[in-house]
Amino acid sequence: MTGTIELYAISMGVGLLAGAVINFSLGYKFYDKGGLIGGLLVGFLMATL
Amino acid sequence: MELFGIFGLLVFFGVIIASLKEWIPQDVLPVQSALILTTLFLVIIAALFGSPVSLKELSANIFIHPITALLAGFLVAGALEAAGAFKAAMDILNRLTKTPLGLTGTVVVLVNMPTIFTMPCGRILAAALIPAALLFGYQLARIRKTPLLASIVVFGFIVNAAASCGPSPLGGIGTIGEGMGGYDIGSFANAQQIGIIVITAVAMFSISMIYRILPGETIAAEILEDDIKKKNSNKEEVPMAGYFSFFFFLIGIATVFITKPPIPIQTILMFFVLVIMLVSRVSIQDLIGGVILHPIMAMISGFIMAGALISIGSFEALIEILTILADSTPLGFIGVAVILANIPSILPMPCGRILAAALMPGVLLFGTKVSEVTGNNWATPILLTGFILNAAASCGPSPLGGIGGIGEGNLGTARGISGKPQQVGIMMGTGVAVLIIGLIGFI
């Protein structure tokens, strides 16, 4: 169970950071909500699948 | 140190470097065939010098599990493609742009999609979803009037696709290391997936800030023209079976990972294929069409090469050389391990399985050695995970027909230009993946 929580936390945390980096790379503000939600979603899906 | 072992290593790396530099013309002798010939050459030399290598020794290193899992994975991919599951994925992405995710959020999901699906070879999704990457890349570039954005999206997607065969449970490169090291299937997968998110983001960032790879002139002009609407209007109808196959695969693979049933993955995959075939009326021909020979041949040639290197004592020689290097230079064991883990992207082959299969026994042995010297029991899985992720991603920047070529061709850029930013991303992602295993273990 601890492993599962860690997996989701790390995966979604890195996803969130990656979303911010991609936002910035695409010329948007790093905190643009689309990229951040996208990153969280990616992290969640990767942890789940 | 066995001199013949060192000779074998020199010949092996010589062939790899000569192929990479195209001193061995790849249209005449692809690297896979060159490695089979090298094996034959080493076997003949060994026989001439009185230490013959038997066929049994050569074939003992051919691991059947990743090969059959890879074949089963290709059949699943063929069934998904024929059922329209990838078209359904594109349609779902299009719908996502109308949600709070917007265009940027959808791009974040799109570029990471290959690693969410984790097909056994990155080329499957690279080919299936490149139209979506181009469409969204063009759209962003038009909105912001910056053609560079198309390159950022396309190459982010490409490096993600390239690396996605590492964590794949469908016979991905990870399964070779997990099998050889005696770890559970999927042990290295999550750390690799998180590493790949980093690889993708860093590669996109470095294209944006440092490498600034612009699409070819005609493509750039086309991007800025108003023809995106035309492309959008040519949307194909996605069959219901496509959506069914898409969700069936996603839910099925998630269930397998959560419940970990005591059934071989090949059997489960064949069940997936049967269900998709029945629902979507996919033919046997469609399934066979999904099989890509390139990675299968790459893996087999790598395994055979490894068999030859083991037989002539090359791995013992490699371990001794690495140990001397670790003892006599400031690198130490950790520094040498870092170099070893990054060798695949330093020498990027058209398929990561070539170096992964050929060098995995050596990496496993050196991991054990590092474990003994440092007293860290996790040294072996740490090194294996780093090496596997690095090898998996290395087909992206390969100038010898790597996956990067798909993006370069579509954007009309110079050949091999996307290699460097991808390598930067791979280096960072490898570090993050091993950090996760080192700090938390298998998650």
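Residues numbered from 1 in each chain as written. Chains lettered and ligands numbered in written order. Predicted model: local features only at pLDDT ≥ 70, side-chain atom pairs only at ≥ 80, totals over all residues. Heavy atoms only, no water.

Time to look at the overall build of chain A. Of the regular secondary structure elements, chain A holds 2 helices and 0 strands. By its C-alpha atoms, chain A is 40 × 15 × 15 Å across when sized along the principal axes. Classification of the 49 residues of chain A by burial places 47% in the buried group. A total accessible area of about 2300 Å² is found for chain A, and carbon and sulfur atoms account for 79% of it. (Helix = DSSP H or I, 4+ residues; strand = E, 2+ residues; numbered from the N terminus. Buried < 20%, exposed > 50% of the residue type's maximum accessible area, 1.4 Å probe, protein only. Areas by Shrake-Rupley, 256 points an atom, 1.4 Å probe, with all protein chains shown as cover.)

Here the focus is the interface of chain B and chain A. Contact with chain B, which involves 34 residues of that partner, is made by 31 residues of chain A. The contact between chain B and chain A buries some 2800 Å² in all, and 80% of this surface belongs to carbon and sulfur atoms. Along the contact surface separating chain B from chain A lie 0 salt bridges. Counting the contacts that link chain B with chain A gives 3 residue pairs in polar contact (both at pLDDT 80 or more). Elements that contribute at least two residues to the side of chain B that touches chain A include exactly helix 6 (102-117), helix 7 (122-144), helix 8 (148-163), helix 10 (189-211), helix 13 (240-259) and helix 22 (419-440) of chain B. Among the elements that line the side of chain B that touches chain A, the one with the most residues is helix 10 of chain B, at 10 residues. (Contact = heavy atoms within 4.5 Å. Buried area = accessible area lost by both parts, 1.4 Å probe. Salt bridge = Lys/Arg side-chain N within 4 Å of Asp/Glu carboxyl O. Polar contact = N/O pair within 3.5 Å; in protein donor to acceptor, adjacent residues only side chain to side chain.)

What follows concerns the packing of helix 9 (residues 173-181) of chain B against helix 19 (residues 353-374) of chain B. Geometry of a packed helix pair, given as the angle between the helix axes and the separation of the axes. All names here are of chain B. For the pair helix 9 and helix 19, the least separation of the axes is 10 Å and the interaxial angle reads 25°. Judged by the angle between their axes, helix 9 and helix 19 are roughly parallel. Classified by chirality, the crossing of helix 19 by helix 9 is right-handed. On the side of helix 9, the interface is formed by I173, I176, G177, M180 and G181, while helix 19 contributes R353, A356, M360, P361 and L364. (Axes fitted to C-alpha atoms, helices over the stretch in contact; angles between N-to-C directions. Parallel < 35°, antiparallel > 145°, perpendicular 65-115°, else oblique. Left-handed = near helix turned anticlockwise from the far one by under 90°.)

Turning our attention to helix 6 of chain B. Over its 16 residues, helix 6 of chain B runs 22 Å from end to end, which matches the ideal 22 Å to within 8%, given 1.5 Å per residue. Among the 16 residues that make up helix 6 of chain B, 16 are buried, leaving the element largely enclosed by the rest of the structure. (Expected span 1.5 Å × (residues − 1).)

Here we take up the nonpolar core. One finds L26 of chain A together with F12, I16, M119, F249, F272 and F366 of chain B to be the most contacted residues of the largest nonpolar core, which totals 169 residues. Counting residues per element, this core draws most heavily on helix 7 of chain B, which supplies 13 residues. A163, A203, L389 and I426 of chain B belong to the second-largest nonpolar core, a separate cluster that totals 9 residues. (Core = buried A, V, L, I, M, F, W, Y, C linked by side-chain atoms within 4.5 Å.)

Right, let's talk about the pattern of salt bridges for a bit. Note on pairing: side chains with opposite charge can pair once their charged atoms come close. Residue and element names in this part refer to chain B. As enumerated under the stated definition, the model contains 2 salt bridges over all chains in all. Measuring nitrogen to oxygen at the nearest pair gives 3.0 Å for the salt bridge that ties E22 to R415. Placement of the pair is E22 in the loop between helix 1 (3-20) and helix 2 (31-48) and R415 in the loop between helix 21 (404-411) and helix 22, with a sequence separation of 393 residues. On the basis of relative accessible area, E22 is assigned to the partly exposed category, the value being 36%. Look at R415 and you get exposed, because its relative accessible area is 64%. Among the ionic pairs, R95 bridges to D91, the shortest N-O distance being 3.0 Å. Separated by 4 residues within a single helix, R95 and D91 lie in helix 5 (residues 85-96), roughly one turn from each other. Residue class for R95 comes out exposed when judged on its relative accessible area of 53%.

Moving on, we come to unusual backbone geometry. Residues and elements named next belong to chain B. For T118, which is not a glycine, the phi torsion comes out positive at approximately 40°. Residue placement: T118 occurs in the loop between helix 6 and helix 7. Within the chain, R212 stands out as a residue other than glycine whose phi angle is a positive 40°. Relative to the elements of secondary structure, R212 occurs in the loop between helix 10 and helix 11 (217-224).

The next thing to look at is the packing of aromatic side chains. Residue and element names in this part refer to chain B. Throughout the structure, instances matching the rule amount to 18 aromatic pairs over all chains. Relative to F248, the ring of F244 has its centre 5.6 Å away and its plane inclined at 15°; by these criteria the two rings are stacked. Taken together, the residues span about one helical turn, with F244 and F248 both in helix 13 at a distance of 4 residues. Aromatic pair F249 and F272: ring centres 6.4 Å apart, planes at 80°, arrangement edge-to-face. One end of the pair, F249, is in helix 13; the other, F272, is in helix 14 (residues 265-280), with 23 residues separating them in the sequence. F249 sits in the buried class, given a relative accessible area of 1%. (Phe/Tyr/Trp six-rings, centres within 6.5 Å; stacked < 30°, edge-to-face > 60°.)

When pLDDT is averaged across chain B, the result is 88; 97% of the residues are at 70 or more. For this predicted complex, the interface score ipTM comes out at 0.88, alongside a pTM of 0.88. (pLDDT = per-residue confidence, 0-100.)

Residue and element names in this part refer to chain B. Along the chain, the position of T97 falls in the loop between helix 5 and helix 6. Sequence separation between T97 and F136 is 39 residues; the distance between their C-alpha atoms is 9.7 Å. Not counting residues within four places of it along the chain, the set of residues in contact with T97 comprises G102, L103, T106 and F136.

This part covers the state of the cysteines. Residue and element names in this part refer to chain B. In the structure shown here, the tally under the stated rule is 0 disulfides over all chains. Looking at the unpaired C351, the closest cysteine sulfur is the one in C121, lying at 6.2 Å. Exposure remark for C351: the relative accessible area of 8% places this residue in the buried category. C395 carries a free sulfur, and the closest cysteine sulfur to it, the one in C165, is 5.4 Å from it. What makes C395 buried here is its relative accessible area of 5%. (Disulfide = S-S within 2.5 Å.)

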